[in-house]
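Close look at the chain arrangement
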Amino acid sequence: MDSRKLEILLTVTDLGSFSKASEVVGYTQSGLTHMMDSLENEIGFPVLDRGHRGIALNENGKILIPLIRDFLKANTNLNNKIAEMKTEKSATIRVAAYASMALNWLPQILYSFRRTCPEVTIDLRMVDHAIEPFELLESGKTDIIFASRQDKMNCRWIPLYREPLYAILPSTYPLNGRTEFPVEEFAGKEFLMPYGQFDKEVKKALGPVADRIIEKNSKVDDETVVRMVGLGLGVSIMSELMIRGPRDSVLCVPIKPLSYRELGIGVDNESYNRYSIRNLIDCVNSMMSSLTGV
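What you are looking at is a predicted structure, and each value in this text was computed from that prediction instead of being measured. (Residues numbered from 1 in each chain as written. Predicted model: local features only at pLDDT ≥ 70, side-chain atom pairs only at ≥ 80, totals over all residues. Heavy atoms only, no water.)

Along the chain, Tyr27 falls in the loop between α2 (18-25) and α3 (29-43). Judged by relative accessible area, which is 34%, Tyr27 ranks as partly exposed. With sequence-adjacent residues up to four places away left out, Tyr27 is seen in contact with Arg4, Ile8, Ser22, Leu32 and Met35. (Helix = DSSP H or I, 4+ residues; strand = E, 2+ residues; numbered from the N terminus. Buried < 20%, exposed > 50% of the residue type's maximum accessible area, 1.4 Å probe, protein only. Contact = heavy atoms within 4.5 Å.)

To continue, consider the pattern of salt bridges. Within the structure shown, the criterion is met by 18 salt bridges. Residues Asp37 and Arg50 are paired through a salt bridge, measuring 2.9 Å at the closest nitrogen-oxygen approach. Residue Asp37 is found in helix α3, and its partner Arg50 is found in strand β1 (residues 48-51); the two are separated by 13 residues along the sequence. Residue Arg94 pairs with Asp143 through a salt bridge whose shortest N-O separation is 2.9 Å. (Salt bridge = Lys/Arg side-chain N within 4 Å of Asp/Glu carboxyl O.)

Turning to empty space enclosed by the protein, a few remarks are in order. In this structure the tally under the stated criterion is one cavity of 30 Å³ or more. Approximately 70 Å³ is the volume found for the largest cavity. Taken together, Leu165, Pro194, Phe198, Glu201, Val202, Ile237, Met238, Ser239, Met242 and Arg261 make up the full set of residues lining the largest cavity. Looking at which element gives the most residues to the lining of the largest cavity, the answer is strand β10 (residues 236-239), with three residues. In the lining of the largest cavity, the residues fall into seven nonpolar, one polar and two charged. (1 Å grid on protein atoms, 1.4 Å probe; cavity = no way out; pocket = protein on both sides within 12 Å on 5 of 7 lines; lining within 4 Å. Points joined across faces, edges and corners; volume = space filled by probe spheres on them. Nonpolar A, V, L, I, M, F, W, Y, C, P; charged D, E, K, R; others polar.)

Let us look at the packing of aromatic side chains. As enumerated under the stated definition, the model contains six aromatic pairs in all. Seen in terms of ring centroids, Tyr173 and Phe181 are 5.5 Å apart; in terms of plane orientation they differ by 70 degrees. Their pairing is edge-to-face. Among the residues examined, Tyr173 registers a relative accessible area of 16% and is labelled buried. The exposure class assigned to Phe181 is buried, which follows from its relative accessible area of 0%. (Phe/Tyr/Trp six-rings, centres within 6.5 Å; stacked < 30°, edge-to-face > 60°.)

This paragraph deals with the pairing of strand β5 (residues 144-148). Sheet faces and side chains relate simply in a regular strand, where the side chains alternate between the two faces. Most of β5 is tucked away: five of the five residues are buried. Residues of β5 alternate between two faces, with Ile144, Phe146 and Ser148 on one and Ile145 and Ala147 on the opposite face, all of them buried. In terms of strand pairing, strand β3 (residues 92-98) meets β5 through three bridges, oriented parallel. Bridging from a neighbouring strand, Ala97 pairs with Phe146 of β5. As defined by bridge partners, β5 adjoins strand β12 (residues 260-267) across five bridges and the pair is classed as antiparallel. The residue of β12 that forms the bridge with Ser148 is Leu263. (Pairing = 2+ DSSP bridges.)

All right, on to helix α6 (residues 106-116) then. The set of residues buried in α6 consists of Leu106, Ile109 and Phe113. Mapping the buried residues of α6 onto a view down its axis gives an arc of 65 degrees, with all of them on the same face. Opposite the buried face of α6, at more than 90 degrees from it, the exposed residues are Pro107, Tyr111, Arg114 and Arg115. Contacts made by the buried residues of α6 are with β3, α5 (99-104), β4 (121-127), β5 and α11 (275-292). (Arc of directions from axis to C-beta.)

Burial within strand β6 (residues 156-170) is extensive, with twelve of its 15 residues counted as buried. Summarising the sheet, β6 and β12 pair through eight bridges and their orientation is antiparallel. Bridge pairing in β12 links Trp157 to Gly266. Looking at chain direction, β6 and β10 are connected through four bridges and run antiparallel. Bridging from a neighbouring strand, Leu165 pairs with Ser239 of β10.

The structure is reproduced here in structure tokens:
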């Protein structure tokens, strides 16, 4: 049924006159009368009472009019969603991610996403600061972030993976067959502390031992920290994604007690409802087992 005719029917009944309605909708009075006759023929029975005092709904019309309003509202929502999806197909999604997540996860994610939404452009930005992705999201400079859960987050958070933390030790360290490294053993050792507020996660894992390490702050990337440990310049703690790949120069051992950080996606509520971003999130969720190996 023609939604335009239904919209004009509402206008006619609201104004109570063909002549008044014709001025609003841009039809002649005779043309409007003919259109309403045609609509009633499509429905199969009259819905209007036409008299000298104007136009009013009959009993049939009173029953149908709420349903017609619901239909037109749903039709408008459908058309708006179609228009939104057409626009989103050529949109750009701005992504900010920790370097470790960008390196290990994003290539596979973006490859899969491109097959689903080939016209959407991904603008990827890597960060080396724990809080920066959340600051970028809150300031509107990015649309979606890949980061670790923080104590204070002003966004919709979608958890993805519990990432274990490892002790990073020189290859000559005497583990004596142990497969875990007690955090108490960090006490009194030179400790290469990550920068960019990732130290919060490390100190949380160390617990009370955090006050007993010889902390050495180093504003260098993860790879440089690994090389420094390999040369015997200290020990450290890193997450699983940070140490993927060959690590012949160091030992990577789960700390005891086991400690994790939660990796996930952050997005503001408005962006979450965007068609392209929902597709990206769905793509990530469907790929998590292959990305994490679980």
